[in-house]
Amino acid sequence: MSLDIVTIPCLSDNYIYLLHDGASGVTALVDAPVSDPVLEALASHRWGLDLILLTHHHEDHIDAADDLRRATGAKLVGAKADAHRLPALDIAVEEGDTVAVGSQTGHVLSVPGHTTGHIAYYFPASKAAFTADSLMVMGCGRLFEGDAIMMWDSLRKLAALPDDTLIYSGHEYTNGNIAFALSLDPDNAELRQRADDAHAARTAHEPTVPAELGLERRTNPFLRAGEAAMKQAVGMPGASDVDVFAEIRARKDRF
Ligand code: ZN
Ligand code: FE
């Protein structure tokens, strides 16, 4: 059995997620910027909240964590490395640790780059990875604290998960990300199809998240920095993968 996953859009373009294990009735929330939409979603499903899984310390991911803990009794889980700048954690985790959501096991992956303490939660039995601002659908987070080497390693770690893993990222940035991808790779038929699909989804006010990792590997320019075609597209045919990744990231910052 897999987790039931409920996507909650909030703020201007954030996504947070409720993960519910039907076998045990246990529910977790990934990231906590706001409380009202979470409490409403919990009430409509008649679920309690047992765990809050934080990905990183930015306000738009943690601001309501304490309020939600008070309102629901949920335990707060977050990166040990960032404990000093997260709300007081009940459970501090690092790479290699697991978090149980009822019968479902989440694996903690260290994915620094956007921030140095960013973590992701991977639930293999549900084929779901909650990546927030590390790997994003058709993009990746900005390098606010880490460098290109760090983020490239994080992306490679996530890219090594099975093809049919669904990537649940932290923001609705897909259309902008696809416009950038097309600027590098305008003739890619699969990418053009993604542009059409994402545009249709957004026109219908539907999220473009999650996306399958296999499709991401073929169309997300940040995951393709090791490909000869991408190196050619940025005029760096002989460069290392990480240097090409850094160039693609820098171009996106200016796009
Ligand atoms: Zn962030
Ligand atoms: Fe964010």
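As a reminder, the structure under discussion sits directly above these lines.
Residues numbered from 1 in each chain as written. Chains lettered and ligands numbered in written order. Predicted model: local features only at pLDDT ≥ 70, side-chain atom pairs only at ≥ 80, totals over all residues. Heavy atoms only, no water.

Caption draft 1: Focus on the coordination of the zinc ion (ligand 1). Within the first shell, the zinc ion (ligand 1) binds the protein through His 56 (NE2), His 58 (ND1), His 114 (NE2) and Asp 133 (OD), at distances of 2.2 to 2.4 Å. Taken together, the 4 donor atoms coordinating the zinc ion (ligand 1) and their angles of 85 to 175° define a geometry best described as irregular. Each donor residue of the zinc ion (ligand 1) lies on the same chain, and together they follow the pattern H-x1-H-x55-H-x18-D. The iron ion (ligand 2) is placed at 3.0 Å from the zinc ion (ligand 1), the two being bridged by Asp 133. With His 56 in the loop between strand S4 (51-53) and helix H2 (59-62) and Asp 133 in the loop between strand S10 (128-132) and strand S11 (135-136), this residue pair connects regions lying 77 residues apart in the sequence. (Donors = N, O, S within 2.8 Å, 3.2 Å for Na, K, Ca; no water. Tetrahedral: all angles 85-135°; square planar, octahedral: opposite > 155°, others 65-115°. Helix = DSSP H or I, 4+ residues; strand = E, 2+ residues; numbered from the N terminus.)

Caption draft 2: Representation of empty space enclosed by the protein. Applying the stated criterion across every chain, the model contains 1 cavity of 30 Å³ or more. Approximately 50 Å³ is the volume found for the largest cavity. In this structure, the largest cavity is lined by Asn 14, Tyr 15, Ile 16, Tyr 17, Val 30, Asp 31, Thr 55, His 61, Ala 132, Tyr 168, Ser 169 and Gly 170. Of all the secondary structure elements, the ones that give two or more residues to the lining of the largest cavity are strand S2 (14-21) and strand S13 (166-169). Among the elements that make up the lining of the largest cavity, the one with the highest residue count is S2 (4 residues). (1 Å grid on protein atoms, 1.4 Å probe; cavity = no way out; pocket = protein on both sides within 12 Å on 5 of 7 lines; lining within 4 Å. Points joined across faces, edges and corners; volume = space filled by probe spheres on them.)

Caption draft 3: Spotlight on the pairing of strand S5 (residues 75-79). Burial runs high along S5: 4 of the 5 residues are buried. Sheet topology note: the S4/S5 ladder contains 3 bridges and is parallel. By the bridge assignment, Leu 53 is partnered in S5 with Val 77. (Buried < 20%, exposed > 50% of the residue type's maximum accessible area, 1.4 Å probe, protein only. Pairing = 2+ DSSP bridges.)

Caption draft 4: Region of interest: the pattern of salt bridges. Tallied over the full model, the rule gives 19 salt bridges. Measuring nitrogen to oxygen at the nearest pair gives 2.8 Å for the salt bridge that ties Glu 190 to Arg 218. With a gap of 28 residues between them, Glu 190 in helix H6 (residues 189-203) and Arg 218 in helix H7 (residues 213-219) connect regions that are remote in the sequence. With a relative accessible area of 42%, Arg 218 lands in the partly exposed category. Across the pair Asp 241 and Lys 231 runs a salt bridge whose closest N-O atoms are separated by 2.7 Å. Pair noted here: Asp 241 is in helix H9 (residues 241-254) and Lys 231 is in helix H8 (residues 228-233), with a separation of 10 residues, a long-range link. When its relative accessible area of 31% is taken as the criterion, Asp 241 is described as partly exposed. (Salt bridge = Lys/Arg side-chain N within 4 Å of Asp/Glu carboxyl O.)

Caption draft 5: Structural detail: the coordination of the iron ion (ligand 2). Coordination of the iron ion (ligand 2) by the protein is provided by Asp 60 (OD), His 61 (NE2), Asp 133 (OD) and His 171 (NE2), with metal-donor distances spanning 2.1 to 2.5 Å. Spacing between the donor residues of the iron ion (ligand 2) along their common chain follows D-H-x71-D-x37-H.

Caption draft 6: View of H9. With 14 residues, H9 extends 20 Å between its outermost C-alpha atoms, agreeing within 8% with the 20 Å of an ideal straight helix rising 1.5 Å per residue. Burial in H9 covers these residues: Val 244, Phe 245, Ile 248, Arg 249 and Lys 252. For H9, the angular spread of the buried residues around the axis is 140°, confining them to a single face. Residues of H9 that are buried sit in contact with strand S12 (139-140), helix H4 (148-159), helix H5 (174-184) and H8. (Expected span 1.5 Å × (residues − 1). Arc of directions from axis to C-beta. Contact = heavy atoms within 4.5 Å.)

Caption draft 7: Up close: the packing of aromatic side chains. Inspection of every chain in the model, using the stated rule, returns 8 aromatic pairs. Considering the side-chain rings of Phe 130 and Tyr 168, the 4.8 Å spacing of their centres and the 25° angle between planes classify their relative orientation as stacked. Of this pair, Phe 130 sits in strand S10 while Tyr 168 sits in strand S13, placing them 38 residues apart in sequence. Each member of the pair Phe 130 and Tyr 168 is classed as buried. Arranged with centres 6.1 Å apart and planes meeting at 25°, the rings of Phe 180 and Phe 222 form a pair that is stacked. With Phe 180 in helix H5 and Phe 222 in the loop between H7 and H8, this pair connects stretches of sequence that are 42 residues apart. The class of Phe 180 is buried, set by a relative accessible area of 1%. Chaining the aromatic ring pairs together yields one cluster made of Trp 152, Phe 180, Phe 222, Phe 245 and Phe 255. (Phe/Tyr/Trp six-rings, centres within 6.5 Å; stacked < 30°, edge-to-face > 60°.)

Caption draft 8: The arrangement of the sheet that holds strand S14 (residues 211-212) in detail. Here 6 strands make up an open sheet; going across it, the order is S7-S8-S9-S10-S13-S14 and the pairing mixed. The open sheet has two edge strands with one neighbour each: strand S7 (98-101) and S14. Note: S7 against strand S8 (residues 104-110), 4 bridges, orientation antiparallel. Looking at the pairing, Ala 100 lines up with Thr 105 of S8.

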